[in-house]
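Okay, here's what each chain looks like letter by letter:
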Amino acid sequence: MAKTALLLGLVCPASANGVARLRRESLALYSIGFWTLAANAQAPCPGATNPIGLVLDFQTSDISEDTNVLGGFPGDVATNFYAEAACVGQLDWGTPSPDGGCPCGCGCRCSNPQFETVQQNGAMLRMRQVGRLYDGTGNPPQILDLIVKNTTFYMPWSSDQNGRTADQTFAQISLAADQEATFTYRLVANDFVCNSCVDSPGDCTCDPPAATIDFGFDMCFFDLDTGPQYSDPAVVEPNLGESFTTCGLDTTTSYGGYYHHGKKPDSSMLVSQFLCDDTDAATIDTSAYMDIQTGSFGGGTNCIRVEALKEGIGGDNPRLFSEVMMGFGAFGGAGTCADYDVCPSYSCESDPWTCGGNVPCMTCGPIDYPDYASEADVTHPAGTILSGYPRSPGRMPDVIECPSAGATITGAGVYPVSDGVNTRLQNRPYRYTMPKFVCVTYPEGTAEFSVTYRVGPNPGGDPGYGRAFLFAGTGLATSCVGPPPSPPPPSPP
């Protein structure tokens, strides 16, 4: 059953000629991860106005029509087209990965790789009904799928991490350590039928044309971090460090075609209300978490390259927009911008959550920082208010000592126990998750774009392991348009 969308007071001010001006705003909270409408439902607009533009929403309760064989390797969930990856399990610790990798990646080693799909161009991740393209007339939207294909050699760490699961807001792509791969993302008509490599062996080519999209749209990339650092990441490539590059951004925008916490887009864009910069009670500074470069890279123009700078673990990963953005109010979520700098209320011996096995994550006592760190080793006595903990297998503890509960220190805030926040994140520091994403804007006319992902090496950590790159559309490109106003009455004689 489709859930009801909740309007956010969208307005479409009239221009000089009375036609509603286009404004790139979200129409409903579902488009930022809370609610889902039926794929063919008409998104609401105020009054007599109609939606126009592209809405991208990855969340659905039914993924049975998805194709999840990116690179010819099956994903975790069986669909109507392929069985799930039959994983044997990851290589044992200390065992080097073989040349060329393992079937489905050395974190899976599946017994059912789909090699024929690679030869016949059926190797793809096709997510059904993620796009709704509105024409402003009030007619039902055109439904679009998103196809992702690798255009260079691709080796996942574990292909059962690829794609999306039911009711998941973000999709993801797994990549093995010390690997770089380029992927083409293409929006296509949902009704384009590909031959099945199962039902039509030898004739399962699938290369649908890109849709025509006359509107700009946004795509976000999340959870950009590194593995445990054994050496100074300022001197060597970060261990298991994630990075991505994409080109063709709409640099004509006032915000240069990309935004994140600390760098908002236009104030007319609804998403700006959920980001924190120096105009808010507290800003979220991402400079210590991501190195962002713009320009021309690899022959492309209007590009952005983002490299992770801080350690992270799987428990830090977001699953909802309400876990990476602020200000959802009565609808739950992470809290407000001001909360980002508020120390927790518990001390190190009364930590309210555990890391598993009833072992507290945050404990009183010594913290040993690596030799290359600027921080000195420190011992925290009982009663100390701490934000953060020495996360295993991290080598760079990220812990803030607070003078008192509720004190204000930059970045010391923690996630609340709230709807819209997964229990994995509750009471953990915001800074482990929230400053690690970037959204980009592609200009009108874009129906296909490329993204290059890279994972740094993992020396001494055989079989190498890998990372997963999270991405999602925001649904922020839809606007509302209406008919021109009636002509004024004739002047009296």
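Look up: the structure comes first, before these words.
The residue numbering used here restarts from 1 in each chain and proceeds along that chain's sequence as written. Totals for whole chains, interfaces and linings use all residues, but because this is a predicted model, local features are given only for residues with pLDDT of at least 70 and pairs of side-chain atoms are given and counted only at 80 or more. Based on all heavy atoms of the structure, the side-chain values leave hydrogens and waters out of the count.

**Student:** Got a minute to help me understand the overall build of the protein in this structure?
**Tutor:** Looking only at helices and strands, the protein features 1 helix and 19 strands. Residues counted as buried form 54% of the 493 residues belonging to the protein. For the protein, contacts bridging at least 24 residues in sequence account for 70% of all contacts bridging at least 6. Only DSSP runs of H or I covering at least 4 residues are called helices, and only runs of E covering at least 2 are called strands; the numbering of each starts at the N terminus. The buried label applies to any residue whose accessible area, calculated with a 1.4 Å probe on protein chains only, is under 20% of its type's maximum; exposed applies above 50%, and partly exposed to all values in between. Any pair of residues with heavy atoms lying within 4.5 Å of one another is described as a contacting pair.

**Student:** Would you mind going over the environment of Thr452 with me for this structure?
**Tutor:** Counting through the fold element by element, Thr452 comes out in strand E17 (residues 448-455). When neighbours within four sequence positions are excluded, Thr452 is seen to be in contact with Glu180, Ala181, Thr182, Ser243, Phe244 and Thr245. Side chain to side chain, Thr452 and Thr182 meet in a polar contact 2.7 Å long. Identification of polar contacts relies on pairs of N or O atoms within 3.5 Å, with a donor-acceptor requirement for protein atoms, meaning one able to donate a hydrogen and the other able to accept it, and with residues adjacent in sequence counted only if both atoms are side-chain atoms.

**Student:** How should I be thinking about the pairing of strand E7 (residues 217-222) in this particular structure?
**Tutor:** Working note: regular strand, side chains alternate between the two faces of the sheet. Burial runs high along E7: 6 of the 6 residues are buried. For E7 and strand E18 (residues 466-473), the ladder comprises 4 bridges, and the chain directions are antiparallel. From the neighbouring strand, Cys220 faces E18, where its bridge partner is Ala472. Strands were regarded as paired on the criterion that DSSP finds at least two bridges between them.

**Student:** Would you take a moment to explain the pattern of salt bridges for this structure?
**Tutor:** Oppositely charged side chains may form a pair once their charged atoms are brought near each other. A pairing counts as a salt bridge when a side-chain nitrogen of Lys or Arg comes within 4 Å of a carboxyl oxygen of Asp or Glu. Enumeration over the complete set of coordinates arrives at 12 salt bridges. Note that Asp66 is salt-bridged to Arg164, the shortest N-O span being 2.8 Å. A residue pair is termed long-range when its members are at least 10 positions apart, and Asp66 in the loop between strand E1 (50-56) and strand E2 (67-68) and Arg164 in the loop between strand E4 (142-150) and strand E5 (171-176) qualify at 98 residues. A relative accessible area of 4% places Arg164 in the buried class.

**Student:** Please explain the packing of aromatic side chains as it appears in this structure.
**Tutor:** Each pair of aromatic rings is reported with the distance of its centres and the angle of its planes. Paired rings are identified among Phe, Tyr and Trp, the last through its six-membered ring, by centres lying within 6.5 Å, and are further divided according to the angle between planes into stacked (under 30 degrees), edge-to-face (over 60) and tilted (the rest). The final tally for this structure, using the stated rule, is 22 aromatic pairs. Measuring from centroid to centroid gives 6.3 Å for Phe217 and Phe449, while their planes differ by 50°, and the two rings are tilted. Within this pair, whereas Phe217 is found in strand E7, its partner Phe449 is found in strand E17, the two being separated by 232 residues in sequence. Its relative accessible area of 1% is what places Phe217 among the buried residues. Ring centres of Phe274 and Phe328 lie 4.8 Å apart, and the angle between their planes is 35°; on these two criteria the pair is classed as tilted. Of the two residues, Phe274 sits in the loop between strand E9 (258-259) and strand E10 (290-295) while Phe328 sits in the loop between strand E11 (303-308) and strand E12 (365-367), which places them 54 residues apart along the sequence. Taken as a pair, Phe274 and Phe328 share a single burial class, namely buried. Grouping aromatic residues by their ring pairs yields a cluster made of Phe58, Tyr185, Phe217, Tyr442, Phe449 and Phe471. Geometry around Phe297 places Arg305 over its ring, the cationic atom sitting 4.3 Å from the centre. Over the face of the ring belonging to Tyr289 we find Lys310, whose NZ or CZ atom lies 5.6 Å from the ring centre. For a Lys NZ or an Arg CZ to count as sitting over a ring, it must be within 6 Å of the ring centre and within 35 degrees of the ring normal.

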